Amino acid sequence: MSAELRGQKELLAALEKRIGKTAALRITDKGLKRGAQVFVQELKRQFETFKDTGASIAEINVSEPMWVGGVRTIKVYWKGPKKRYAIIHLNEWGTVKNPNPRGKGAIARAMRNAESAYKNAIIQAIKEGI
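If you're wondering where the values come from, they're calculated on a predicted model, not measured in any experiment.

The rules behind these values
- Residues numbered from 1 in each chain as written.
- Predicted model: local features only at pLDDT ≥ 70, side-chain atom pairs only at ≥ 80, totals over all residues.
- Heavy atoms only, no water.
- Phe/Tyr/Trp six-rings, centres within 6.5 Å; stacked < 30°, edge-to-face > 60°.
- Buried < 20%, exposed > 50% of the residue type's maximum accessible area, 1.4 Å probe, protein only.
- Helix = DSSP H or I, 4+ residues; strand = E, 2+ residues; numbered from the N terminus.
- Salt bridge = Lys/Arg side-chain N within 4 Å of Asp/Glu carboxyl O.

Can you break down the packing of aromatic side chains residue by residue, with the values?
Enumeration according to the criterion identifies two aromatic pairs in this entry. Relative to Phe50, the ring of Phe47 lies with its centre 5.1 Å away and its plane at 50 degrees, an arrangement referred to as tilted. Residue class for Phe47 comes out buried when judged on its relative accessible area of 3%. Judged by its relative accessible area of 10%, Phe50 is buried. Aromatic side chains Phe47 and Trp78 sit 5.9 Å apart centroid to centroid with 20 degrees between the ring planes, which places their arrangement in the stacked category. Taken as a pair, Phe47 in helix 2 (residues 21-47) and Trp78 in strand 4 (residues 76-78) lie far apart in primary sequence, 31 residues in all. In this pair, the class of Phe47 matches that of Trp78, namely buried.

Report on the pattern of salt bridges, specifying residues and quantitative values.
Applying the stated criterion to the full structure yields seven salt bridges. Note that Lys30 is salt-bridged to Glu128, the shortest N-O span being 3.9 Å. Taken together, the residues span a long stretch of sequence, with Lys30 in helix 2 and Glu128 in helix 5 (residues 106-129) at a distance of 98 residues. The exposure class of Lys30 is partly exposed, given its relative accessible area of 39%. One salt bridge connects Arg45 with Glu42, and the closest N-O pair in it is separated by 2.9 Å. Placement of both Arg45 and Glu42 in helix 2 is noted, with a separation of three residues, approximately one turn of the helix. Taken together, the shared-partner salt bridges in this structure form one network comprising Lys30, Arg34 and Glu128.

Here is the structure:
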């Protein structure tokens, strides 16, 4: 998910100076986890529109915060016994035989719909951590 808060780098640098690197990282991780939960709730709501067995919804997982390319990140992915990760892209983009499946664009819609709530969750976590 690509959402950027204006002045985010400056804010995090000032936060690190004020409370220390470890505490700032803890606050950042808390904000990322809250933001990911907001996104996952919206993603599940979007997936409800074309639910069949519910396996795609049940297999949504959220990783722990990690460093990727020098940026603190959380990944939302599919993992479970029904192996929905293999077909999620087919619902999102369609196929040659079925170019417009019922779930087409569900992930993109969820990202767009959750953007402001995601930002607010991060801001709230930072405010609570200070």
